[in-house]
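Chains, contacts and geometry: an overview
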Amino acid sequence: MAAIIAAVAATSAALSTLHLTRRSSFSRHRRAFRSLSPPLRSSLSSSSPPSASEEFNITFAPKPKTQKPGEKPSSSIDDELPSGQLLIPWIVRGPDGNLTLQSHPPAHLLHAMADAKTQKKKAGIAKLVEEPKYSKAARRFYNDRFREPPQRLSKVLAAAGVASRRNCEDLIFEGQVTVNGSVCKTPQTKVDPARDVIYVKGNRLPKKLPPKVYLALNKPKGYICSSGGDEFNSLMVLFDDYLKSWDKRNSGQPRPRLFTVGRLDVATTGLIIVTNDGEFAQKISHPSSNLTKEYIATIDSEVHKRHLIAISEGTTIDGVHCTPDLVELLPRQPDLPRPRVRIVVHEGRNHEVRELVKDAGLEIYSLKRTRIGGYRLPSDLGLGKHVELKQSDLKALGWTS
């Protein structure tokens, strides 16, 4: 116990001789604190009276500075903070390159923080309008019921407007078509334009196929039903304006390659269907569709009953006996001096109506087709003009898409 008391006495003696702070060592620190704000002096509260060596320089906040009347407001850092606020100094390099001390953050930092908040809000809005992600079951349901299945390569090329089906097959046989980087010489190869990469003569086939187009044309005399652009007086020249304005009416979609459904000879006028849908053309032009076709034949001589009987008995074309469904002599009209005969056929063989009239001993002055199936040529549609077919018109032709 005596040893402990001796140790405490020695420690008390040492502390009594120890100065908490020396003026010589703290003088430069006090000058640095004074440059920031007026110092607030505090002394230790102890049993002994405070001495000069026990003073501390502690800065909590600047003292409020009263402005004298007529004195210009000071721009020092002491005036930028209200009374009692803790000082957080910002050392900023000014435009002149010198470091300055200020109580508020620099402007560029405030702008950066504001931009970050704005970008965060925009990202949140973008997430709200983001397209929903569909499940595998939903995608499978769509693919099974709505997505078009893969088609033959020659059919895809023809639908994309490369050339006719036969010419597309020639291109494939010549090795000018590649599918996914490999040369394909089989026209029956199944491809999907949306997924497969197809090149024809070095040109990329568009992923989107052109939409289906169905047009009814009032064919004038002197034009041949050919889709070849180099053909003389091809019927397709009547659609030049239609195709030129295609990009304005159908932005972002490739132009369709149009062709006629069936044929009319160069001297025959009237209704002909023009489309880019090969399946539709095959369906309504095939004899199994049983679509009747109505013609008005203007005869260059008098028509008697025996002529009508001879026409109704039919004729033989290419070894096949063809019989019309209806033969009718139309009433005379004052503005049309020549007699007219309505003839309805369903087979539609090459020059069938002309052969029927010729075998009956008559000569045709003009021939016009007025109806295919349940669709009749509009009476107000001028020669060389066309009209887009509606869904009801397609149903009248026996087509349901």
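Just so we're clear, the structure is a prediction, and the values are computed from it rather than from any experiment. (Residues numbered from 1 in each chain as written. Predicted model: local features only at pLDDT ≥ 70, side-chain atom pairs only at ≥ 80, totals over all residues. Heavy atoms only, no water.)

**Side note on the nonpolar core**
- By size, the foremost hydrophobic cluster in this structure holds 30 residues, and its most contacted members are F239, L258, I299, I311 and I343.
- Listed by contribution, the elements that provide at least two residues to this core are β11 (214-219), β13 (268-275), β14 (293-299), α10 (305-313), β18 (340-345), α11 (352-359) and β19 (364-372). (Core = buried A, V, L, I, M, F, W, Y, C linked by side-chain atoms within 4.5 Å. Buried < 20%, exposed > 50% of the residue type's maximum accessible area, 1.4 Å probe, protein only. Helix = DSSP H or I, 4+ residues; strand = E, 2+ residues; numbered from the N terminus.)

**A look at the pattern of salt bridges**
- Under the defined criterion, the tally for this structure stands at 9 salt bridges.
- Notably, a salt bridge pairs R354 with D265, separated by 3.2 Å at the nearest N-O pair. With R354 in helix α11 and D265 in the loop between β12 (259-261) and β13, this residue pair connects regions lying 89 residues apart in the sequence.
- Ionic pairing is found between E294 and R371, a salt bridge with its closest N-O pair at 3.3 Å. (Salt bridge = Lys/Arg side-chain N within 4 Å of Asp/Glu carboxyl O.)

**Quick look at the sheet that holds strand β9 (residues 198-200)**
- Pairing within the open sheet is antiparallel, and its 4 strands lie in the order β7-β6-β9-β10. A single partner strand is all that each edge strand has here, and the edge strands are β7 (182-183) and β10 (203-204).
- Bridge count for β9 against β10 is 2 bridges, and the pairing is antiparallel. The residue of β10 that forms the bridge with Y199 is R204. (Pairing = 2+ DSSP bridges.)

**Here's the deal with helix α9 (residues 278-285)**
- Among all positions of α9, only F280, A281 and I284 are buried. Along the axis of α9, the buried positions cluster into a sector of 100°, meaning they face one direction only.
- The elements touched by buried residues of α9 are β11, β12, β13 and α12 (391-396).
- Measuring from the side-chain oxygen of the N-cap residue of α9 to the backbone nitrogen of E279 gives 3.2 Å; that N-cap residue is D277. (Arc of directions from axis to C-beta. Contact = heavy atoms within 4.5 Å. Polar contact = N/O pair within 3.5 Å; in protein donor to acceptor, adjacent residues only side chain to side chain.)

**Quick word on the packing of aromatic side chains**
- Under the defined criterion, the tally for this structure stands at 3 aromatic pairs.
- Between the aromatic rings of Y214 and F280, the centroid separation amounts to 4.9 Å while the plane-to-plane angle is 80°, which identifies the pairing as edge-to-face. With a gap of 66 residues between them, Y214 in strand β11 and F280 in helix α9 connect regions that are remote in the sequence.
- Here F280 falls in the buried class, since its relative accessible area comes to 0%.
- Considering the side-chain rings of F280 and W399, the 5.5 Å spacing of their centres and the 80° angle between planes classify their relative orientation as edge-to-face. Note that F280 is positioned in helix α9 and W399 in the segment after α12, a separation of 119 residues in sequence.
- One aromatic cluster in this structure is built from Y214, F280 and W399.
- Taking NZ or CZ as reference, R249 lies 4.4 Å from the ring centre of Y242, over its face. (Phe/Tyr/Trp six-rings, centres within 6.5 Å; stacked < 30°, edge-to-face > 60°. Lys NZ or Arg CZ within 6 Å of the ring centre and 35° of its normal.)

**Focus: the confidence of the model for the chain**
- Within the chain, residue pLDDT values average 78, and 72% of them lie at 70 or more.
- Taken as a whole, residues 14-58 scores under 50 in pLDDT and shows 39 contacts with residues more than four places along the chain or in a different chain. (pLDDT = per-residue confidence, 0-100.)

**Description of α11**
- Within α11, burial applies to E352, V353, L356 and V357. Burial along α11 is one-sided: seen end-on, the buried residues are contained in an arc of 130°.
- Those residues of α11 that are buried lie in contact with β14, α10, β15 (315-317), β16 (320-322), β18 and β19.
- One or two positions beyond α11, positive phi appears at G361, with a value near 85°.

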